[in-house]
Amino acid sequence: MQDSRTDAGLLPKYVNKKDYGETPEYLRTRNALVEDAQASYEAYVEEQRLAGEMNSVQEQEREEVLRGLKKHWQELHHQYLGLSVVTDTLPKKARKERLETEMKTLEHDIEMIQAHKSIYITPSGAMPAQ
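Within each chain, residue numbers correspond to sequence positions counted from 1 in written order. Confidence filtering applies because this is a predicted model: local features only for residues at pLDDT of at least 70, side-chain atom pairs given and counted only at 80 or more, and all residues used for totals across whole chains, interfaces and linings. Hydrogens and water are ignored here; the side-chain numbers use all heavy atoms of the structure.

Novice: Honestly, the packing of helix α3 (residues 59-81) against helix α4 (residues 90-115) in this entry has me stumped. Any pointers?
Specialist: In a packed pair of helices, the relevant descriptors are the angle between the two axes and the axis-to-axis distance. Across the interface, α3 lies against α4 with an axial gap of 10 Å and an inter-helix angle of 155 degrees. As summarised for this structure, α3 and α4 are arranged roughly antiparallel, according to the angle between their axes. When you trace α3 past α4, the crossing you get is left-handed. Residue-level contacts link R62, V65, L66, L69, K70, H72, W73, L76, H77, Q79 and Y80 of α3 to R95, K96, L99, E100, E102, M103, L106, E107, D109, I110, I113 and Q114 of α4. All amino acids are sorted into three groups, where Ala, Val, Leu, Ile, Met, Phe, Trp, Tyr, Cys and Pro are nonpolar, Asp, Glu, Lys and Arg are charged, and the leftover types, Gly among them, are polar. Class assignment for the residues of the contact of α3 with α4 results in eleven nonpolar, four polar and eight charged. With axes taken as lines fitted to C-alpha atoms, and helix axes fitted only over the stretch in contact, angles between N-to-C directions fall between 0 and 180 degrees. Numbering goes from the N terminus for both helices and strands, where a helix is a DSSP run of H or I of at least four residues and a strand is a run of E of at least two. Working rule for angles: under 35 degrees goes down as roughly parallel, over 145 as roughly antiparallel, 65 to 115 as roughly perpendicular, anything else as oblique. Note on convention: near helix rotated counterclockwise from far helix by under a right angle means a left-handed crossing. Clockwise means right-handed. By definition, residues are in contact when any of their heavy atoms lie within 4.5 Å.

Structure below.
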């Protein structure tokens, strides 16, 4: 005999399934693929670093670059706030657009540096061969 509360939808039926609470197979497979990709990337980076084609940026240098980017953004923002409200001439429009573009680029760079603790660079500045 079934409970009338279950038939009425008052009690969830899915909690009675035998696989309730287990991670689905497709997620286990995807997580395994992500872990394999991360491991192969880390092996590649380590190989390039040992070959002398990549160097990691020290934490102190990373923080210094981040401070410099933020300071430059603040200077641009100060200039931006000093612009007149009415941009009626072409030079005013061009200056405003240039400042906005530079600030947006700096914001993107700051976010990238903040998001990644490990930063690798090549000695010549070029991308290493794959």
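Novice: Can you walk me through the nonpolar core in this structure?
Specialist: Note on soluble globular proteins: their nonpolar side chains tend to be buried together. One finds L66, L69, L76, L99, M103, L106, I110 and I113 forming the largest nonpolar core, which totals eight residues. Where this core is concerned, the elements lending two or more residues are α3 and α4. A per-element tally of this core places α4 first, with five residues. Sequence-distant contacts of L99, that is, excluding residues within four places in its chain, are made with L76, Q79, Y80 and L83. Grouping buried Ala, Val, Leu, Ile, Met, Phe, Trp, Tyr and Cys residues that are joined through side-chain atoms within 4.5 Å yields what is termed a nonpolar core. Per-residue accessibility, obtained with a 1.4 Å probe over protein chains only, is compared with the maximum for each type, and a residue is labelled buried under 20%, exposed over 50%, and partly exposed between these values.

Novice: In this structure, what is going on with the pattern of salt bridges? I would like to understand it.
Specialist: Charged atoms that come close allow side chains of opposite charge to pair. Here a salt bridge means any side-chain nitrogen of Lys or Arg lying within 4 Å of a carboxyl oxygen belonging to Asp or Glu. Summed over the entire model, instances satisfying the criterion amount to five salt bridges. By sharing partners, the salt bridges in this structure join E59, R62 and E63 into a single network.

Distances and angles like these do not, on their own, reveal function.
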